[in-house]
Amino acid sequence: MTPMNILMVSSEVFPYAKSGGLADVLPKLAEALDKRGHRVKIVMPRYYGITRYLLDKHPAPLGIPMGDQEYWVGVYSTLIPGTRVEVYFLDHEQLFGRDGIYSEAGGPEFPDNVLRFGLLSRGAFQLAKMLNWFPDILQAHDWPAAPALAYLKSLESAGPFRKTKGVFTIHNLGYQGIFSQDQFKYLGLDPSDETRLGFSYHGGINFLQAALVCAHGISTVSPGYGEEILQPELGFAMDGLLNLKKNVLAGILNGMDYDIWNPKTDQLLPFLYDENNLEGKAKNKAALQELAGFSQTPGVPLIGMVSRLVTQKGFAHLVENDGEALRKICALPAQIIILGTGEKHIEKKLSDLALELPHLQVFIRYNEKTSHLIEAGSDFFLMPSLYEPCGLTQMYALSYGTIPIVSPTGGLKDTVVDRGKNPKTATGYYFPIPLTGTGMVETLAKATKVYRLQPKVHRAMILRGMALRFDWESAGRHYEEYFLSLP
Ligand code: ADP
């Protein structure tokens, strides 16, 4: 098979910029395809927090035409260690030199995001021209990279990109990049193309919709989510369009990074452990309890959450009726620790409840180290998501022998086996759907009962989870097959 040139466009790439799972996926997917012999390059903005002196500076700046205007950006690059994958950073002080990817922490979205991510998308083409390297596949990830596919179908359709296939990868259909119509001009596209390219949306413009219209192929991050987005309930008004392009839609399960999320080697953990000796896990639990200010009462399970604090992740049901469900879970008894940032009202409600409930601790911050300790030190990991395209944190939990309790949706359904369904192969528990506070409490009561009264059953579930492998190698193979299959 001839190796492919693959250019990925993304607003987030770990470890340079991350707000969620998208960032974790990029370098690992790129590496997996690199290992299969393909040449992969990634392009992203150089945000304020990305230190320039650690990167290679390209001698000449890059001009990016955006309609009547031309923007000049600096170009920096680096290699993903152990691979041939180059990450390119577009440096524009005024537009990208900010603390925050889409907004300042907790603040409103930046008002110039159309221009910022339009520039990133158009910049991908200019970069390829500068490098004299043309992709067979242009893979745009989520709404910020969506305009790239519109440029491919319009301004860049005839020249050196005429054979390039555009793929849009949906990491979350709930975020579409919807803006007022007067912002369209910043993209530098012909105004008469707004409808043809799929931007027009209820009097405004919709980045994601344009990408769905313009893409040769559409992929998403789990088979389950790939089916759910075809239905009106989880289609976010895009199900009609997605059904029209069903023949080029693929759901490919993300892998996870076992170099980073591995209890045998994790340098962010105070204690290492493996499936043959879970003592280190118990010590991590004690360390986590200390961090949370919890008592170390034997027999009381510790439940962890690491999540964006947004409605999608099921927090409404946890905090509704003055935190009724959380109060009942604490009374099971169980201790709960939550790490996250997000919607202000959820942050506030959780923080208020934590002041009141001795079995609840809430850390409103973004912290990699604490996230690792929660994954490793908890007995259960909670994900009551209303929808979940793939979800990585439940996979991390499984790797650390922490039993996930999840909503049976999207990637959660594809990665966790419910004890109610098959006790012999079970790795976790499902909440009843539709999700309710009562349903959550009942499921947690069941799970914590098994923890207290059937330790052998609980342990068998832990070991089954730890033995699983959601590897990037097979995800890379699926992407390769998918790219090659595109008409
Ligand atoms: P999503 O992409 O919807 O946010 P995922 O489960 O796919 O959900 O990925 C979330 C990623 O972000 C995981 O790597 C998780 O550990 C990380 N994360 C989320 N919130 C925090 C936080 N407050 N501190 C540290 N890491 C976090």
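Once a new chain begins, its residue numbering starts again from 1 and follows that chain's sequence as written. Reporting in this predicted model follows two pLDDT cut-offs: at least 70 for local features of residues, and 80 or more for side-chain atom pairs to be given and counted; totals over whole chains, interfaces and linings ignore these cut-offs and use all residues. Calculated side-chain values reflect all of the structure's heavy atoms, with hydrogen atoms and water omitted.

A. Geometry of the site of the ligand. Near the ligand you find 19 residues, and of these Lys18, Gly21, Asp24, Arg308 and Lys313 are the closest. A distance of 2.7 Å is found between an oxygen atom of the ligand and a side-chain nitrogen or oxygen belonging to Arg308. With respect to the ligand, the backbone of Arg365 contributes an N or O atom lying 2.9 Å from a nitrogen atom. All accessibility values rest on the Shrake-Rupley procedure with a 1.4 Å probe; residue burial counts only the protein chains present in the view. Contact with the protein chains covers 93% of the free accessible surface of the ligand, which is 570 Å². Three categories are distinguished: nonpolar for Ala, Val, Leu, Ile, Met, Phe, Trp, Tyr, Cys and Pro, charged for Asp, Glu, Lys and Arg, and polar for the others, with Gly belonging to the last. Split into classes, the residues belonging to the shell around the ligand amount to 5 nonpolar, 8 polar and 6 charged. The domain limits used here are those given by an automatic or database domain assignment. Each of domain 1 (5–255 + 472–485) and domain 2 (279–467) accounts for three or more of the residues forming the shell around the ligand. Summary of the distance rule: residues count as near a molecule or strand when at least one heavy atom falls within 4 Å of that molecule or strand. Two N or O atoms form a polar contact when they lie within 3.5 Å of each other; inside protein one atom must be a possible hydrogen donor and the other a possible acceptor, and for residues adjacent in sequence the pair counts only when both atoms belong to side chains.

B. Just the packing of helix α10 (residues 315–330) against helix α15 (residues 437–453), in detail. Comment: axis = line fitted to C-alpha atoms, over the contacting stretch for helices; angle = value between 0 and 180 degrees taken between N-to-C directions. Strands here are runs of E lasting at least two residues and helices are runs of H or I lasting at least four, both read from the DSSP assignment and numbered beginning at the N terminus. Closest axis-to-axis distance for the α10/α15 pair is 9 Å, and the angle between their directions is 15°. One way to sum up the angle between α10 and α15 is to call them roughly parallel. Classified by chirality, the crossing of α15 by α10 is right-handed. Residue-level contacts link His317, Leu318, Glu320, Ala325, Lys328 and Ile329 of α10 to Gly437, Met440, Val441 and Leu444 of α15. Roughly parallel refers to an angle under 35 degrees, roughly antiparallel to one over 145, roughly perpendicular to one between 65 and 115, and oblique to any angle outside these ranges. The crossing is said to be left-handed when, going from far helix to near helix, the turn is anticlockwise and less than a right angle, and right-handed when the turn is clockwise. Contact between two residues is taken to exist if any of their heavy atoms lie within 4.5 Å; hydrogens are not considered.

C. A look at the packing of aromatic side chains. Only Phe, Tyr and Trp rings take part, Trp by its six-membered ring, and two of them pair if their centres are within 6.5 Å. Stacked means planes under 30 degrees apart, edge-to-face means over 60, and tilted covers everything else. What the rule picks out here adds up to 21 aromatic pairs. With centroids separated by 5.5 Å and ring planes inclined at 85°, the aromatic side chains of Phe117 and Trp143 adopt a geometry described as edge-to-face. Linking Phe117 in helix α3 (residues 113–131) with Trp143 in helix α4 (residues 142–145), this pair joins segments that are 26 residues apart in sequence. Across the pair, Trp143 and Phe117 agree in class, each one buried. Measuring from ring centre to ring centre gives 4.9 Å for Phe125 and Phe161, while their planes differ by 80°; the resulting arrangement is edge-to-face. Here the residue Phe125 occupies a position in helix α3, and Phe161 occupies one in the loop between α5 (147–153) and β8 (165–170), the gap between them amounting to 36 residues. Take Phe125 and Phe161: they sit in the same class, and that class is buried. Grouping aromatic residues by their ring pairs yields a cluster made of Tyr102, Phe117, Trp143, Phe179, Phe184, Phe199 and Phe207. We call a charge positioned over a ring when the NZ of a Lys or the CZ of an Arg lies within 6 Å of the ring centre and within 35 degrees of the ring normal. The positively charged end of Arg122 is found above the aromatic ring belonging to Tyr151, 5.5 Å away from the centroid. The buried label goes to any residue with under 20% of its type's maximum accessible area, the exposed label to any with over 50%, and the partly exposed label to all in between, with areas taken from a 1.4 Å probe on protein chains only.

D. Region of interest: the domain arrangement of the protein chain. In terms of domain boundaries, the protein chain breaks down into domain 1 (5–255 + 472–485) and domain 2 (279–467). In this structure, domain 1 and domain 2 have C-alpha centres spaced 33 Å apart. With 21 residues of domain 1 at the interface, the matching set in domain 2 holds 19 residues. Between domain 1 and domain 2, a total of about 1,400 Å² is buried, with carbon and sulfur atoms accounting for 57% of that surface. Note on definitions: salt bridges are taken to be side-chain nitrogens of Lys or Arg within 4 Å of carboxyl oxygens of Asp or Glu. Where domain 1 packs against domain 2, one counts 1 salt bridge. Our enumeration of links across domain 1 and domain 2 arrives at 9 residue pairs in polar contact (both at pLDDT 80 or more). Among the elements that take part in the side of domain 1 that touches domain 2, helix α7 (residues 223–228) stands out by supplying 4 residues, more than any other. In terms of residue class, the side of domain 1 that touches domain 2 is built from 8 nonpolar, 10 polar and 3 charged. Summed over both partners, buried area is the accessible surface (1.4 Å probe) that two parts give up on being assembled.

E. Molecular detail of the sheet that holds strand β10 (residues 200–201). As summarised here, the arrangement of the 3 strands in space is β9-β11-β10, forming an open sheet in which the pairing is antiparallel. On the outer flanks of this sheet lie β9 (178–180) and β10, each paired with one strand and no other. At least two DSSP bridges between two strands are required for those strands to pair. One ladder, built from 2 bridges, connects β10 with strand β11 (residues 204–206); its direction is antiparallel. Its bridge partner being in β11, Ser200 is matched across the sheet by Ile205. Contacts from helix α6 (residues 207–214) reach β9, β10 and β11, with the element oriented near 55° to β11.

F. Highlighting unusual backbone geometry. Of the consecutive residues Phe14 and Pro15, the connecting peptide bond is found in the cis state with omega at 5°. For Pro15, the location among the structural elements is in the loop between β1 (5–9) and α1 (21–35). Look at the link from Ile433 to Pro434: it is a cis peptide, with omega at 0°. Relative to the assigned elements, Pro434 resides in the loop between β19 (429–430) and α15. A positive phi is found at His202, a non-glycine position, where the angle reads about 45°. Considering the arrangement of structural elements, one finds His202 in the loop between β10 and β11. The exposure class of His202 is exposed, given its relative accessible area of 76%. Look at Phe236: it is not a glycine, yet its phi comes out positive at around 45°.

G. Structural detail: the pairing of β8. Among the 6 residues of β8, 5 are classified as buried, and the element is accordingly described as predominantly covered. Summarising the sheet, strand β7 (residues 137–141) and β8 pair through 5 bridges and their orientation is parallel. Note on β8: the bridge partner recorded for Ile137 is Lys165. Judged from the 4 bridges that link them, β8 and strand β12 (residues 217–220) form a sheet pairing that is parallel. Its bridge partner lying in β12, Val167 is registered against Gly217.

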